[in-house]
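# Reading the structure
Each chain, written out:
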Amino acid sequence: AASVDIVATASPRWREIRYVPAINGHVKVEDFDIAINGNLSHEPDYISAGGGVTLTGEFRQKTVVPSLGYSYSRDINGKAQTPFDLFGKPLNRHGVNAGLGIVLTKATFGSGAFTFVHEDGDTSKPYRHIPLFSPEAAARIQPGTTIDDVNAVREPERPLEQLPVERQRYALALGLAHRFSDSTLRISERLYIDSWGTKASTTDFRFLYDVLKEFRIWPHLRFHVQSGADFYQLAYVVTQTADGPLIPQIRT
């Protein structure tokens, strides 16, 4: 399960047990549906607990369906074989979701959704060590450089990954579905931006064709484009000073 890339070396095989209980329910009150959920995930080096509530309305003979939801989770990021009180980084996550579904015609359905997530806490990976380089060596590091070549020129310091301890995420999704006599067209677009400078767009297209009543085929096209975080660097530079090495505060 380790990240296999230029900044991580895969760990040996291991086994662990993970417990993931969850509970949810909903109640219908006239034109509104109230849904509540709770969940827990417990493994030796990570604990996550959370829950949420969603209010959904049905208006104009269920042709207009707005929804509003809130969720909260608290995670503790730890290390294997280490008590959480010795190494445990908390993460609080608040989420707000607003959606709207509209039956435009007898054969056309449109939807939209907006999501906001606020993260307060350290999401750095506790097993990921970051290679550091002198200014001269960093200039020679290129995308695709092999692990052996990186190890040959890296400095001896191997600090843990350190990400910003706060993040705001924003996402807007739009969808359209239309039913023809023997086929269905589905198109969706999702735009994303966050406070780390990451921007993304995901476009999804499906055209489902009914060969028979019991048999359907379709092409599925998906295009995703994404920018990097504004603090990301391919090669981080360490400066040697009289007081010791000066390591970048944010690194990944």
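Just above, that's the structure.
## Focus: a nonpolar patch on the surface
There is a patch of nonpolar side chains on the surface, built from Val27, Val29, Phe32, Ile34, Ile36, Val53, Leu55, Phe59, Leu68, Tyr70, Tyr72 and Val96 and spanning about 970 Å² of accessible area. The set of elements that each furnish at least two residues to the nonpolar patch consists of strand 1 (22-29), strand 2 (32-43), strand 3 (46-57) and strand 4 (64-78). Locating Phe32 in the fold gives a position in strand 2.

## Section: unusual backbone geometry
Notably, Gln61 is not glycine yet its phi reads approximately 55 degrees, a positive angle. Within the secondary structure layout, Gln61 lies in the loop between strand 3 and strand 4. Classification of Gln61 by relative accessible area gives exposed; the value is 77%. The phi torsion at Gln81 lies on the positive side, around 60 degrees, for a residue other than glycine. In this structure, Gln81 sits in the loop between strand 4 and strand 5 (88-103).

## What to know about the pattern of salt bridges
Applying the stated rule across the entire model yields 11 salt bridges. Lys89 is the partner of Asp122 in a salt bridge, and the nearest nitrogen-oxygen pair spans 3.2 Å. Note that Asp122 is positioned in the loop between strand 6 (108-121) and strand 7 (132-133) and Lys89 in strand 5, a separation of 33 residues in sequence. In this structure Asp122 comes out as buried when scored by relative accessible area, which is 11%. A salt bridge links Arg167 to Asp194, with the shortest nitrogen-to-oxygen separation between them at 2.7 Å. Of the two residues, Arg167 is situated in strand 8 (residues 166-179) and Asp194 in strand 9 (residues 183-194); the sequence distance between them amounts to 27 residues. Residue Arg167 shares its accessibility class with Asp194, and that shared class is buried. Three or more residues are tied together by salt bridges with common partners; here these are Asp75, Arg93, Glu119 and Arg169.

## Some details on the side chain of Asp33
Note on placement: Asp33 falls in strand 2. For the buried Asp33, which has no salt bridge, the nearest side chain bearing the opposite charge is Lys28, at an N-O separation of 5.8 Å. Excluding residues that lie within four positions of it along the chain, Asp33 makes contacts with His26, Val27, Lys28, Thr54, Leu55 and Thr56.

## Re the nonpolar core
Counting residues in each nonpolar core, the largest one holds 8 residues, listed as Ile130, Leu132, Leu163, Trp196, Ala229, Phe231, Tyr236 and Val238. Those residues in contact with Trp196, other than ones at most four positions away along the chain, are Thr123, Leu163, Pro164, Glu166, Arg167, Ala229, Asp230 and Phe231. Ala138, Ile141, Val150 and Ala235 belong to the second largest nonpolar core, which has 6 residues in total.

Calculation rules
Residues numbered from 1 in each chain as written. Predicted model: local features only at pLDDT ≥ 70, side-chain atom pairs only at ≥ 80, totals over all residues. Heavy atoms only, no water. Patch = residues over 30% accessible without salt bridge, like charges linked within 9 Å, V, L, I, M, F, W, Y side chains within 5 Å. Areas by Shrake-Rupley, 256 points an atom, 1.4 Å probe, with all protein chains shown as cover. Salt bridge = Lys/Arg side-chain N within 4 Å of Asp/Glu carboxyl O. Helix = DSSP H or I, 4+ residues; strand = E, 2+ residues; numbered from the N terminus. Buried < 20%, exposed > 50% of the residue type's maximum accessible area, 1.4 Å probe, protein only. Lys, Arg positive; Asp, Glu negative; His and termini not counted. Contact = heavy atoms within 4.5 Å. Core = buried A, V, L, I, M, F, W, Y, C linked by side-chain atoms within 4.5 Å.

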